[in-house]
Amino acid sequence: MAPIIFEDAFEIVSINPDGKKFDKVSRIEGKGNKFDAHILLDVNIDVYPINMEKRYTIALAPTLDLDGTPDSGYFNNQSGRDTLMDRYEYIMHGRLFKITDNKNLTPPKSEVYISFGGLLMLLRVDTSTAAKFDLDMRLFLLMKTTE
């Protein structure tokens, strides 16, 4: 069984809502279809261009191994085994650095903040979904276009 903690298909609402800051990075804002999730995500558009007309599936997992074997901190796929990387187009590795509850929203939501080597993500989800995450957790972001 794949070790995915969160996965949803997102419709892109805007690109660079606060203006473009960097040449090779765009911040996308998306609305989830399954979990009523909201996302702000920095994407290296030099590597993975974003198209407003497409939907993207975004997943978060603590390991790339399909059997759920914990991540060792080093990637070495010399065995040729299938991994989650084979199922997605764009992958980043990062660390969860902040979880907050936003009780001002109706219904109340939690905000999960992850840094992928300086590229940031804010995921706003219901509190039961956010309960799957832990502070300082190492996570892989996996992304692909959705039909």
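Source: prediction; values computed, not measured.

J.: Would you mind going over the overall build of the protein with me for this structure?
T.: Scanning the protein for helices and strands turns up 1 helix and 8 strands. Beginning at the N terminus, the succession of helices and strands in the protein can be written as β-β-β-β-β-β-β-α-β. Taking 147 residues into account, the globule formula puts the C-alpha radius of gyration at 15 Å, and the protein, at 15 Å, falls close to it. Projected onto the principal axes, the alpha-carbon positions of the protein cover approximately 45 × 35 × 30 Å. By the burial criterion, 41% of the 147 residues in the protein qualify as buried. Surface accessibility of the protein: about 8300 Å² in total, with carbon and sulfur atoms responsible for 51%. In the protein, which carries 18 positive and 22 negative side-chain charges, the distance between the mean positions of the two groups comes to 2 Å.

J.: What exactly am I supposed to notice about the pairing of strand β6 (residues 109–116) here?
T.: If a strand is regular, its side chains alternate between the two faces of the sheet. Among the 8 residues in β6, 7 count as buried, and that is most of the element. Note: strand β5 (residues 90–102) against β6, 7 bridges, orientation antiparallel. By the bridge assignment for β6, R95 is matched with S115. Turn length for the β5-β6 hairpin, with the two strands adjacent in sequence and antiparallel, is 6 residues. Pairing analysis gives 8 bridges linking β6 to strand β7 (residues 119–126), with the strands arranged antiparallel.

J.: Explanation requested: the nonpolar core in the structure shown.
T.: Proteins that are soluble and globular tend to have nonpolar side chains buried together. Ranked by size, the top nonpolar core spans 31 residues in total, and within it L41, L123, L141 and M143 carry the most contacts. Of all the elements in the fold, those that place two or more residues in this core are β1 (6–15), β2 (25–32), β3 (38–44), β4 (55–61), β5, β6, β7 and β8 (138–146). A per-element tally of this core places β7 first, with 4 residues. A59, L64, L66 and Y88 belong to the second-largest nonpolar core, a separate cluster that totals 8 residues.

J.: When you look at the sheet that holds β2 in this model, what are you seeing that I'm missing?
T.: Strand pairing in a sheet is mediated by backbone hydrogen bonds. Such pairs are either parallel or antiparallel. Within the closed barrel, the 8 strands sit side by side as β1-β2-β3-β7-β6-β5-β8-β4. Their pairing is antiparallel. Sheet twist, expressed as the average angle between the axes of neighbouring strands with direction ignored, equals 35°.

J.: Sorry if this is basic, but what is going on with unusual backbone geometry here?
T.: Keep in mind that most residues, glycine aside, have a negative phi and that most peptide bonds are trans. At D36, a position not held by glycine, the phi torsion is positive, near 50°. You can see D36 is positioned in the loop between β2 and β3. For D36, a relative accessible area of 40% puts it in the partly exposed group. Phi at D136 takes a positive value of approximately 70°, unusual for a residue other than glycine. Of note, D136 is situated in the loop between α1 (127–130) and β8. You can call D136 partly exposed: its relative accessible area is 47%.

Rules behind the numbers
- Every chain begins its residue count from 1, and numbering advances along the sequence as written.
- Residue-level local features of this predicted model are given only where pLDDT is at least 70; pairs of side-chain atoms are given and counted only at 80 or more, and the full residue set underlies all totals for whole chains, interfaces and linings.
- Each side-chain value is worked out from all heavy atoms of the structure, with water and hydrogens disregarded.
- Only DSSP runs of H or I reaching four residues or more are called helices, and only runs of E reaching two or more are called strands; each is numbered from the N terminus.
- To get the radius of gyration, use the C-alpha atoms; to get the globule rule, take the number of residues to the power 0.38 and multiply by 2.2 Å.
- Whether a residue is buried, partly exposed or exposed follows from its accessible area with a 1.4 Å probe, protein chains only, as a fraction of its type maximum: under 20%, in between, or over 50%, in that order.
- The protein chains shown are the only cover counted for residues, whose accessible areas, like all others here, come from Shrake-Rupley with a 1.4 Å probe.
- We treat Lys and Arg as the positive residues and Asp and Glu as the negative residues; His and chain ends play no part in the count.
- Charge placement uses NZ in Lys and CZ in Arg. For Asp and Glu, CG and CD serve respectively.
- Here, any two strands with at least 2 DSSP bridges between them count as paired.
- Among buried residues, the Ala, Val, Leu, Ile, Met, Phe, Trp, Tyr and Cys ones that are joined through side-chain atoms within 4.5 Å form a nonpolar core.
- Interaxial angle, 0 to 180 degrees, is taken between N-to-C directions of lines fitted to C-alpha atoms, where a helix line uses only the stretch in contact.

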